[in-house]
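Residues per chain, in single letters:
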Amino acid sequence: PIFTAALFVILSLFSTLSIAVFLVTSFYKIMVDVMEGKRIKVGAGFFLYLLTPLKDILIGIIWFLPFFKTSVEWRGTRFKLKKYTELEPI
């Protein structure tokens, strides 16, 4: 949800509404993470939970990266992804 809200902020050119949606979404996600952390007795400090929006944005970016790469490393060997998902050693 936070990554989507961050995209909304960027695509709407930082409109007031999009920033409000991002802040509300971030607050909600932080509170949910705090409650879940207490429920499973993680013992992390509250400051770490404030980093939740940053973590979620980074995860969103990392999730999209493979859609733009044409190579992969597997067991120490690099391969190029060709047409029809065929792999060719580089």
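The preceding data block contains the structure.
Residues numbered from 1 in each chain as written. Predicted model: local features only at pLDDT ≥ 70, side-chain atom pairs only at ≥ 80, totals over all residues. Heavy atoms only, no water.

*Asks:* Go over the overall build of the chain with me, naming the residues and quoting the values.
*Replies:* Secondary structure assignment for the chain yields 4 helices and 3 strands. Ordered by position from the N terminus, the helices and strands of the chain form the series α-α-α-α-β-β-β. Relative to a compact globule of 90 residues, whose C-alpha radius of gyration would be 12 Å, the chain shows 19 Å and is clearly more extended. Projected onto its principal axes, the C-alpha positions of the chain cover 45 × 40 × 20 Å. Burial analysis of the chain (90 residues in total) assigns 21% to the buried set. Of the contacts formed within the chain by residues at least 6 apart in sequence, a portion of 26% connects residues at least 24 apart. A gap of 2 Å separates the mean positions of the 11 positive and 6 negative side-chain charges of the chain. (Helix = DSSP H or I, 4+ residues; strand = E, 2+ residues; numbered from the N terminus. Rg over C-alpha atoms; globule rule 2.2 N^0.38 Å. Buried < 20%, exposed > 50% of the residue type's maximum accessible area, 1.4 Å probe, protein only. Contact = heavy atoms within 4.5 Å. Lys, Arg positive; Asp, Glu negative; His and termini not counted. Charge placed at Lys NZ, Arg CZ, Asp CG, Glu CD.)

*Asks:* Describe in detail the environment of lysine 82, supporting the description with residues and values.
*Replies:* Inspection of the secondary structure assignment puts lysine 82 in the loop between strand 2 (77-81) and strand 3 (87-89). Considering only alpha carbons, one finds lysine 82 and alanine 44, 38 residues apart in sequence, at a separation of 45 Å.

*Asks:* Tell me about the packing of aromatic side chains, and name the residues and values.
*Replies:* With the rule as written, the count across this model stands at 4 aromatic pairs. Note on phenylalanine 64 and phenylalanine 67: the rings are 6.0 Å apart at their centroids and 50° apart in plane angle, and the pair reads as tilted. Assessed through its relative accessible area of 57%, phenylalanine 67 is described here as exposed. (Phe/Tyr/Trp six-rings, centres within 6.5 Å; stacked < 30°, edge-to-face > 60°.)

*Asks:* So what about the pattern of salt bridges? Which residues, and what values?
*Replies:* Across all of its chains, the model carries 5 salt bridges by this definition. Taking the shortest distance from any N to any O, the salt bridge between aspartate 56 and lysine 55 comes out at 3.3 Å. Looking at lysine 55, the relative accessible area reads 40%, which means it is partly exposed. Glutamate 88 is paired through a salt bridge with lysine 82; the nearest N and O atoms lie 3.1 Å apart. (Salt bridge = Lys/Arg side-chain N within 4 Å of Asp/Glu carboxyl O.)

*Asks:* So what about unusual backbone geometry? Which residues, and what values?
*Replies:* In the Ramachandran plot, leucine 13 falls in the positive-phi region, its phi being about 60° despite a non-glycine side chain. If you trace the backbone, leucine 13 turns up in the loop between helix 1 (2-11) and helix 2 (16-39). Backbone geometry places arginine 75, a non-glycine residue, at a positive phi of 55°. Looking at where arginine 75 falls in the secondary structure, it is placed in the loop between strand 1 (71-74) and strand 2. A residue is classified by how much of its surface remains accessible, and arginine 75, at 73% relative accessible area, is exposed.

So yeah, pure geometry; function would need other evidence.
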